[in-house]
Amino acid sequence: MAHAGMGINEVMKHNHVNPQFTEEELQKVQEIISHYPEGKQKSAVLPVLHIAQTHWGWISPAVMDYVAGILQIQPIEVYEVATFYTMFHLEPVGKYVLEVCRTGPCMICGAEELIHHLEHKLGIHVGETTTDKRFTIKEVECLAACGGAPCLQVKLKTMDGAYKYYENLTPAKVDELIATEWV
Ligand code: FES
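Residues numbered from 1 in each chain as written. Predicted model: local features only at pLDDT ≥ 70, side-chain atom pairs only at ≥ 80, totals over all residues.

Draft legend 1. Geometry of the overall build of the chain. Scanning the chain from N- to C-terminus turns up eight helices and four strands. Going from the N terminus to the C terminus, the chain shows its helices and strands as α-α-α-α-α-β-α-α-β-β-β-α. Split into buried and exposed, the 183 residues of the chain put 24% on the buried side. Restricting the contact set of the chain to residue pairs at least 6 apart, pairs at least 24 apart contribute 59%. (Helix = DSSP H or I, 4+ residues; strand = E, 2+ residues; numbered from the N terminus. Buried ≥ 20, exposed ≤ 12 C-beta atoms within 10 Å, placed from the backbone. Contact = placed C-beta atoms within 7 Å.)

Draft legend 2. A look at the sheet that holds strand β1 (residues 96-101). Spatial ordering of the open sheet is given by β2-β1-β3-β4, a layout of four strands whose pairing is mixed. The sheet terminates laterally at β2 (135-140) and β4 (163-166), the two strands that pair on one side only. Taking each pair of neighbouring strands and ignoring which way they run, the sheet shows an average axis angle of 25 degrees. Strand direction decides the pairing type here: β1 and β2, joined by six bridges, are parallel. Pairing of Cys101 across the sheet is with Val140, part of β2. (Pairing = 2+ DSSP bridges. Axes fitted to C-alpha atoms, helices over the stretch in contact; angles between N-to-C directions.)

Draft legend 3. Spatial organisation of the environment of Glu99. Counting through the fold element by element, Glu99 comes out in strand β1. Residue classification places Glu99 among the buried residues on the basis of 22 C-beta atoms within 10 Å. With 53 residues separating them in the primary sequence, Glu99 and Leu152 have C-alpha atoms 5.3 Å apart. In this structure Glu99 touches Lys138, Val140, Leu152 and Gln153, once residues within four positions along its chain are discounted.

Draft legend 4. Inspection of the packing of helix α2 (residues 23-33) against helix α3 (residues 45-56) at higher detail. Contact pair α2 / α3: the axes reach a minimum separation of 10 Å and the direction vectors enclose 165 degrees. Taken together, the axes of α2 and α3 are roughly antiparallel relative to one another. Here α2 runs over α3; the crossing is right-handed. Contact residues: α2 offers Glu25, Lys28, Val29 and Ile32, while α3 offers Pro47, Val48, Ile51 and His55. By residue class, the composition of the contact of α2 with α3 is five nonpolar, one polar and two charged. (Parallel < 35°, antiparallel > 145°, perpendicular 65-115°, else oblique. Left-handed = near helix turned anticlockwise from the far one by under 90°. Nonpolar A, V, L, I, M, F, W, Y, C, P; charged D, E, K, R; others polar.)

Draft legend 5. Region of interest: the confidence of the model for the chain. For the chain, mean pLDDT is 90; residues scoring 70 or higher make up 90% of the total. Within the chain, the element-level pLDDT minimum falls on helix α1 (residues 8-11), averaging 54, and the maximum on helix α7 (residues 111-122), averaging 98. (pLDDT = per-residue confidence, 0-100.)

Draft legend 6. Region of the structure containing the nonpolar core. In terms of nonpolar packing, the biggest core is built from 20 residues, with Leu98, Val100, Cys101, Leu114, Leu118 and Cys151 touching the most fellow members. Elements with a contribution of two residues or more to this core: β1, α7 and β2. Discounting chain neighbours no more than four positions away, the residues touching Leu118 are Leu98, Ile137 and Val174. Judged by nonpolar contacts, the second largest core, of 16 residues, contains Val29, Val48, Val63 and Val67. (Core = buried A, V, L, I, M, F, W, Y, C linked by C-beta atoms within 7 Å.)

Draft legend 7. Local environment of the packing of α3 against helix α5 (residues 75-82). Two elements in contact, α3 and α5, have axes separated by 11 Å at closest approach and are oriented at 75 degrees. If you check the angle between α3 and α5, you find them roughly perpendicular. Residues Val45, Leu46 and Leu49 of α3 touch α5, and the partners they reach there are Val78, Val81 and Ala82.

Draft legend 8. Inspection of the environment of Val174 at higher detail. Looking at the secondary structure, you find Val174 in helix α8 (residues 171-180). Not counting chain neighbours up to four residues away, the residues in contact with Val174 comprise Leu114, His117, Leu118 and Leu169.

Draft legend 9. Representation of unusual backbone geometry. Residues Ala149 and Pro150 are joined by a peptide bond in cis, for which omega reads -5 degrees. Phi at Asn18 takes a positive value of approximately 45 degrees, unusual for a residue other than glycine. Along the chain, the position of Asn18 falls in the loop between α1 and α2. Taking the number of C-beta atoms within 10 Å as the measure of exposure, Asn18 has 6 and is therefore exposed. At Ala144, a residue that is not glycine, the phi angle is positive and equals roughly 60 degrees. Along the chain, Ala144 turns up in the loop between β2 and β3 (152-155). Residue class for Ala144 comes out exposed when judged on the 11 C-beta atoms lying within 10 Å of it.

Pasting the structure below:
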């Protein structure tokens, strides 16, 4: 689930200035770190990156450096995790990030048609964000919902950063969601 083709120059295109977690977030980070043996705080990198993305909406190089400082690891150790998983956004994204599964079962059941429909409907390509910052389209690998193919997930703006799954999608169903739910 790597960001194929995303070079370091591309990653460096955007950045935050002096990112800082809130006190509440720092407490949560310390609690997560406490789950691991002393000296193994690197193991907390994924949940801490999730907290960062919930705070800033996306993960810039400055945020990665900040996370590395908190975990007392090298920045590259955070970079290699954040740039590997498609769940982390490396540039600003829209309010709704439509993460459409493109793996075999979903493809066979119409994911390609769905993606083309979304691109046409929203006037953007995969990886892009609408000018009103409402939507970003991403392609992702298997969402473990193959029985409901084709499907997509959208991350909710909740404290736990849960995802909502939408299954057995058709262009008509997506149109309805755009008009009624993703507003
Ligand atoms: S192939 Fe799409 S959810 Fe598994």
